[in-house]
Amino acid sequence: MASKASSSSLQVIDEDGCLDVEIVYGAEPGWVEPRTSCNHLDSLSSDLSHIPSPGTSCYRCHHPSENWLCLCCKDILCSRFVNKHMLEHYQQSNHNLALSYSDLSVWCFSCDAYLDAQMILQLRPVYEMAYIMKFGERPPLRTVQYLQVGNIQAGGSSSGN
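Described in the following lines is the structure provided in the data block. All figures in this text were calculated on a predicted structure; none of them were measured in a lab.

This brings us to the overall build of the protein. In terms of regular secondary structure, the protein is built from four helices and five strands. Helices and strands in the protein line up, N terminus first, as α-β-β-α-β-β-β-α-α. Counting over 161 residues, the protein shows a buried share of 33%. Counting only contacts in the protein whose residues sit at least 6 apart along the sequence, the fraction spanning at least 24 positions is 47%. A total of about 10,200 Å² of accessible surface is found on the protein, and carbon and sulfur atoms cover 51% of it.

Right, here's the structure in full:
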């Protein structure tokens, strides 16, 4: 059985001798709900129909993977898990929107949140283009029912009122 930590240190074993998951992994493990709106979309590049391919290396360090597309200027820069060039780019230029070529997620640095690229109409074309370039086919479309459930959870209405 694990020994209890001293009173001056963080206790990760509860009174039953079990690992306290909330302390080890954070308050609640699991799902990250992307935002369905963002006030920074006006910074999007005017031409996102022509983007570099998902296999493009980081423009600064030439790392071949974990790269992001800046949706403001279309630079390709590596993630915070590599050399943090996309984060530095945001800090220096305030270009706050980026698409991950690893999983095609969209991040807003100013909101500090993922954005739902299928729900936000301004992001849908670049998401679809990146998906086609990465997988060679159009992305599966969400059903109307799924989109309505997403709107209800985001505080909208499914009736359109």
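Every buried residue of helix α2 (residues 85-93) is accounted for by H85, M86, H89 and Y90. Viewed end-on, α2 has its buried residues packed into an arc of 145°, placing them on one side of the element. Turned more than 90 degrees from where α2 packs its buried face, Q91 and Q92 sit exposed. Directly beyond the C-terminal end of α2, a positive phi value near 60° is found at N94.

Given 3.6 residues per turn, any residue in an α-helix points the same way as the ones three and four places further on. Here helix α3 (residues 124-135) spans 16 Å end to end across 12 residues, near enough to the 16 Å set by a 1.5 Å rise per residue. By the burial criterion, the buried members of α3 are V126, Y127, E128, A130 and Y131. The inward-facing, buried residues of α3 contact β1 (67-70) and β3 (97-100). At the exit of α3 stands G136, carrying a positive phi of roughly 75°.

Turning our attention to the pairing of β3. Taking every second residue as pointing to the same face, both faces of β3 are buried, with L97 and L99 on one and A98 and S100 on the other. The pairing of β3 with strand β4 (residues 106-108) spans three bridges and is antiparallel. Looking at the pairing, L99 lines up with V106 of β4. The hairpin turn running from β3 into β4, its antiparallel successor, is five residues long, and L104 in that turn takes a positive phi close to 65°.

Conventions used here
- Residues numbered from 1 in each chain as written.
- Predicted model: local features only at pLDDT ≥ 70, side-chain atom pairs only at ≥ 80, totals over all residues.
- Heavy atoms only, no water.
- Helix = DSSP H or I, 4+ residues; strand = E, 2+ residues; numbered from the N terminus.
- Buried < 20%, exposed > 50% of the residue type's maximum accessible area, 1.4 Å probe, protein only.
- Contact = heavy atoms within 4.5 Å.
- Areas by Shrake-Rupley, 256 points an atom, 1.4 Å probe, with all protein chains shown as cover.
- Arc of directions from axis to C-beta.
- Expected span 1.5 Å × (residues − 1).
- Pairing = 2+ DSSP bridges.

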